[in-house]
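Read off the chains here:
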Amino acid sequence: MRQLTCAGPNAIEWRDVPEPRLQGDGEALVRPLAVARCDIDLFLTSGLFPTRGPFALGHECVAEIVALGDAVRGLEVGQRAVVAFQVSCGACSSCVAGHTANCDRYPVLSDFGMQPLSGTEYGGMLSDVVRVPHATAMLAPVAPMLDSVALASVSDNVLDGYRAVAPHLAALPHADVLIVCHGLKSVPLYAAQAAIALGAGRVDYASDDAEALALAERLGAHPVRTDFEKPERRYPIVVDAGLTPNGLRYAVRATLPEGTLQSVSFYAGGDTPLPLGRLYTLGIRFFTGRAHAAALLPQVMPLIEAGRVRPAEVTTRVVDWEDAAAAYMEPAIKLVVRRT
Ligand SMILES: [Zn+2]
Ligand SMILES: [Zn+2]
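All values reported here derive from a predicted model rather than from experimental measurement. (Residues numbered from 1 in each chain as written. Chains lettered and ligands numbered in written order. Predicted model: local features only at pLDDT ≥ 70, side-chain atom pairs only at ≥ 80, totals over all residues. Heavy atoms only, no water.)

Visitor: So what exactly am I meant to see when it comes to the coordination of the zinc ion (ligand 2) here?
Guide: For the zinc ion (ligand 2), the protein coordination sphere consists of Cys89 (SG), Cys92 (SG), Cys95 (SG) and Cys103 (SG), at 2.3 to 2.4 Å. Relative to the metal, the four donor atoms surrounding the zinc ion (ligand 2) lie at angles of 103 to 117°, and the coordination shape comes out tetrahedral. Here the donor residues of the zinc ion (ligand 2) share one chain and are spaced in sequence as C-x2-C-x2-C-x7-C. Taken together, the residues Cys92 in the loop between strand S6 (80-83) and helix H2 (93-96) and Cys103 in the loop between H2 and helix H3 (115-118) connect sequence positions 11 residues apart. Each member of the pair, Cys92 as well as Cys103, carries the same accessibility label: buried. (Donors = N, O, S within 2.8 Å, 3.2 Å for Na, K, Ca; no water. Tetrahedral: all angles 85-135°; square planar, octahedral: opposite > 155°, others 65-115°. Helix = DSSP H or I, 4+ residues; strand = E, 2+ residues; numbered from the N terminus. Buried < 20%, exposed > 50% of the residue type's maximum accessible area, 1.4 Å probe, protein only.)

Visitor: Can you walk me through the side chain of Thr5 in this structure?
Guide: Relative to the elements of secondary structure, Thr5 occurs in strand S1 (residues 2-8). On the accessibility criterion, Thr5 (2% relative accessible area) is buried. Only 2.9 Å separates the side chain of Thr5 from the backbone oxygen of Gln3, close enough to count as a polar contact. Those residues in contact with Thr5 that lie beyond four places of it in its chain are Ala11, Ile12, Glu13, Arg15, Pro54, Phe55 and Leu57. (Polar contact = N/O pair within 3.5 Å; in protein donor to acceptor, adjacent residues only side chain to side chain. Contact = heavy atoms within 4.5 Å.)

Visitor: How do you make sense of the packing of aromatic side chains when you look at a structure like this?
Guide: Centre distance and the angle of the planes are the two values used to describe a pair of aromatic rings. Here the structure, examined in full by the defined rule, presents five aromatic pairs. Ring centres 6.2 Å apart and planes at 55° place the aromatic pair Phe49 and Phe266 in the tilted group. Separated by 217 residues along the polypeptide, Phe49 in the loop between helix H1 (41-46) and strand S4 (55-56) and Phe266 in the loop between strand S13 (255-263) and helix H9 (276-282) bring together distant segments of the chain. Arranged with centres 5.6 Å apart and planes meeting at 85°, the rings of Phe228 and Tyr250 form a pair that is edge-to-face. Here Phe228 is found in the loop between strand S11 (222-225) and strand S12 (235-242), whereas its partner Tyr250 is found in helix H8 (residues 245-253), with 22 residues between them in sequence. Here Phe228 falls in the buried class, since its relative accessible area comes to 6%. Chaining the aromatic ring pairs together yields one cluster made of Phe43, Phe49 and Phe266. (Phe/Tyr/Trp six-rings, centres within 6.5 Å; stacked < 30°, edge-to-face > 60°.)

Visitor: Just to check I follow, could you spell out the coordination of the zinc ion (ligand 1) for this structure?
Guide: For a metal bound by four donors in a tetrahedral arrangement, the ideal donor-metal-donor angle is 109.5 degrees, while six donors in an octahedral arrangement ideally sit at 90 or 180 degrees. For the zinc ion (ligand 1), every protein donor is listed as Cys38 (SG), His59 (NE2) and Asp156 (OD), and the spread of their distances is 1.7 to 2.1 Å. Taken in chain order, the donor set of the zinc ion (ligand 1) reads C-x20-H-x96-D. Of this pair, Cys38 sits in the loop between strand S3 (28-36) and H1 while Asp156 is found in helix H5 (residues 154-171), placing the two residues 118 residues apart along the sequence. Residue Cys38 is classed as buried on the basis of its relative accessible area of 7%.

Visitor: What is the right way to read the nonpolar core from this model?
Guide: Generally speaking, soluble globular proteins have nonpolar side chains that are buried together. With 97 residues, the main nonpolar core has Leu139 and Tyr205 as its most contacted residues. If near-sequence neighbours (up to four positions away) are discounted, Leu139 is found in contact with Ala28, Val30, Ile65, Leu75, Ala81, Val82, Val83 and Val132. (Core = buried A, V, L, I, M, F, W, Y, C linked by side-chain atoms within 4.5 Å.)

Here it is as structure tokens:
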């Protein structure tokens, strides 16, 4: 089968690789139909993280189920499903607690399409067939009326944006929210979308990126152009989504005393300064950590089915499957590849 492969920094090509097979009765084989580029993918393909040889690309997708083990319940061959991008068993104590990003049965960062991070090749979604080891836990059926391309990013970045605000708005309904976008492309936009859908009072979107600000405004957020020096006001809930120490410092300064600062940033490479003294003095609660894909899917899918969260509004470019190798390095906010 064909697999879009990162062969080295900025070298993306289709390769023929062996087709995966079912290896257990709880597994599924899926055929990806629409694949979204995650905000981390361009860092993987550019060589920011040390590579360990060629690796399969893509971990956000809607796929068609093409084979199921005998023990899988509640899913059918031919059905479409969102595939959780993290491999998780659904049965260990971490998974049962909802911490599916840190499943006890797999090494940390056991994700599709991220071999440079985990060292293990689980396959990538820009392939003809992908093996899903725990189908019941990792697949969320897609309602027939929903479009595959529209939902391509749900398995990771949409969930990431949702969880950045959902628990904090549940604790503080109708609170104002500030999203600080300083380098991540789509996650902060999904966070703005989720905050609006969940009834936040006012959603402001701070960035130095004109395209991101314009898109945030179309989603219903208030754009705040900034150079990340001094915030104009402070908020009870702030989301830090980016790459730079300046952006993080701005997010801290923009958080009210006793407020909540949620970071969805991965801050790869070296230590990132955090003003703990300010957090301590003002009682600011700082949250970080990866999203738990399999656990979040059952929360987010109903919002999408109800039309309250509309991921397609963040998609800025859709390309055909055959064009994926050439298009995957393009600087779009959200790129989706559709099987044709
Ligand atoms: Zn991702
Ligand atoms: Zn588990």
